[in-house]
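# Inside the fold
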Amino acid sequence: MTTKTAQVFHGTLIHSKDPQTLEILPNTLLIISATGQIQSLHPSTNPTDIPTLLTQANHNPDTTPITTLSATEFLIPGFIDTHTHAPQWSQRGLGRGIDLLTWLEQITFAHEAKLSDPIYAKQLYRAAVQGSLKQGITTACYYGSRHKDASIILAETCLAIGQRALIGKCNMNRHAPDWYVDSSVDESVSDTVEFIAKVKELDGDTGLVTPVITPRFAITCDETLLSQLGTIVKQNPGIPVQTHFNESHGEVNFTRDLFPQFKNETELYDNYGLLTNRTILAHAIYPQPEEFPRLKELDCGVAHCPIPNTTMDEFMIAPVREYLSRGIKVGLGTDCGGGYSSSMLDVMRAAFMVSVAKQTETEGKDAPLSVAESFYLATLGGARVAGLEDRVGRFAPGLEFDACLVRTGVAEGIMAPVEEEDGVEGVFEKFLMTGDDRNIVRVWVRGREVKGSSSA
């Protein structure tokens, strides 16, 4: 998946340098190589200097396409969804106000079981991937269903349409309906091994689609299955792992009943070799105090999913400020379809509102997220959680060009009007708080346009 020629952009770039620092680069020349990598950045470039800079970069100024951004446009890194369920794309919005385990039993497992049909899988996954890219999500950490073949279809779909993805075949051999569990530990493990091999074969050397070890959570995996999944992790150094973690009171209590030998979920997953620097822990709402140091030591990442956390049967507030203050990696997740929205803009807004609630709960101890922090979690923070910070999440030479072109002056949009006194930071905040996918007019993954004029 490469572009045929280099690409050049001139205008305003906005990205995160760290959780607190939002960097705005006006009048910047951005040169993208034919293979989709960022070749160089030249801040404060006068348009008259562009031909010289292109020549110095070994590009012909007369034949290299240049996109000049208007005063109402800017480039941002693509959003990174660190936790989402592709099989649940069609059930978004269902099941508000019921607890997690009931929601799984009554709604989710039935929807996921439909993925045994490859025709349905192809239709649903195409809609899910296209819908995600439409929202500017250039990287998604997907849970598939328990079906190996459907999960391979998801990988094929991401490669065909052009989304960067981490994909896992769900492992679950108990505490689900008989018609929706792996028939045995051996089947679950062998399907996982075959899935990993097939995804690596499909991806080749593109580096766009990565297989992930995905025990749904300890409730649906017995000790033997967890142990054998840990063995697969050892056999595949660097392979990502993802699971649901300290997600609800009901889940935490049930897990404790099933695994009384462990003090907490960190100790449980650590015991089976499933906590590494490539592990993504979804939700992480109710950790015990002693879990924080071990999660930091192991360099695990947290996928914060504020929308589903606050729209089921209780208002659940993850300790995001404490994770950040301890240096634990945090990104954002839509958690489709526990989350009703597939928009990372909506998730950022929810994260801010939940952080204000946390400030109230802690009587001011935990400060709410700033605009810069929320944006960081959706981009560079998510890249760190996904183990991709050396490839995407910001604009820097050598990184790959995963980006969104934001246009604030969209006639059919509902974003707050831009006024003369706003300044770039004000316009950016208006986009984050009031914009939608209509403002995200073009999207690229590794230099390939996946939304916009060249993506048909």
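Residues numbered from 1 in each chain as written. Predicted model: local features only at pLDDT ≥ 70, side-chain atom pairs only at ≥ 80, totals over all residues. Heavy atoms only, no water.

As named in an unreviewed UniProt entry, the chain is Guanine deaminase, taken from Aspergillus oryzae. Word for word, the UniProt comment on the chain under Pathway (unreviewed entry) is "Purine metabolism; guanine degradation; xanthine from guanine: step 1/1." Regarding the chain, the UniProt comment filed under Sequence similarities (unreviewed entry) reads as follows: "Belongs to the metallo-dependent hydrolases superfamily. ATZ/TRZ family." (UniProt positions renumbered as here; feature names shortened; annotations may be inferred.)

## Observations concerning the domain arrangement of the chain
Assigned domains within the chain: domain 1 (7–77 + 393–451) and domain 2 (79–386). When each unit is reduced to the centre of its C-alpha atoms, the spacing between domain 1 and domain 2 is 30 Å. Across the boundary between the two partners, domain 1 contributes 33 residues, which contact 25 residues of domain 2. Carbon and sulfur atoms make up 64% of the surface buried where domain 1 meets domain 2, a total of about 2,400 Å² over both sides. Counting the surface domain 1 buries against domain 2, the share from its top three residues, P19, L432 and V445, is 22%. Taken together, the connections running from domain 1 to domain 2 amount to two salt bridges. Of the charged contacts, one joins D402 and R164 as a salt bridge, the two residues approaching to 2.8 Å between their closest N and O atoms. Where domain 1 touches domain 2, the interface holds nine residue pairs in polar contact (both at pLDDT 80 or more). With six residues, helix α15 (residues 423–434) is the largest single contributor of residues to the side of domain 1 that touches domain 2. (Domains from an automatic or database assignment. Contact = heavy atoms within 4.5 Å. Buried area = accessible area lost by both parts, 1.4 Å probe. Salt bridge = Lys/Arg side-chain N within 4 Å of Asp/Glu carboxyl O. Polar contact = N/O pair within 3.5 Å; in protein donor to acceptor, adjacent residues only side chain to side chain. Helix = DSSP H or I, 4+ residues; strand = E, 2+ residues; numbered from the N terminus.)

## Some words on helix α9 (residues 291–298)
Looking only at α9, the buried set comprises E291, F292, L295 and L298. The arc enclosing the buried residues of α9, seen along the axis, measures out at 135°, which places them on a common side. For α9, the elements touching its buried residues are β12 (241–245), α8 (265–271), β13 (279–283) and α11 (320–325). D299 sits one or two residues past α9 and shows a positive phi near 65°. (Buried < 20%, exposed > 50% of the residue type's maximum accessible area, 1.4 Å probe, protein only. Arc of directions from axis to C-beta.)

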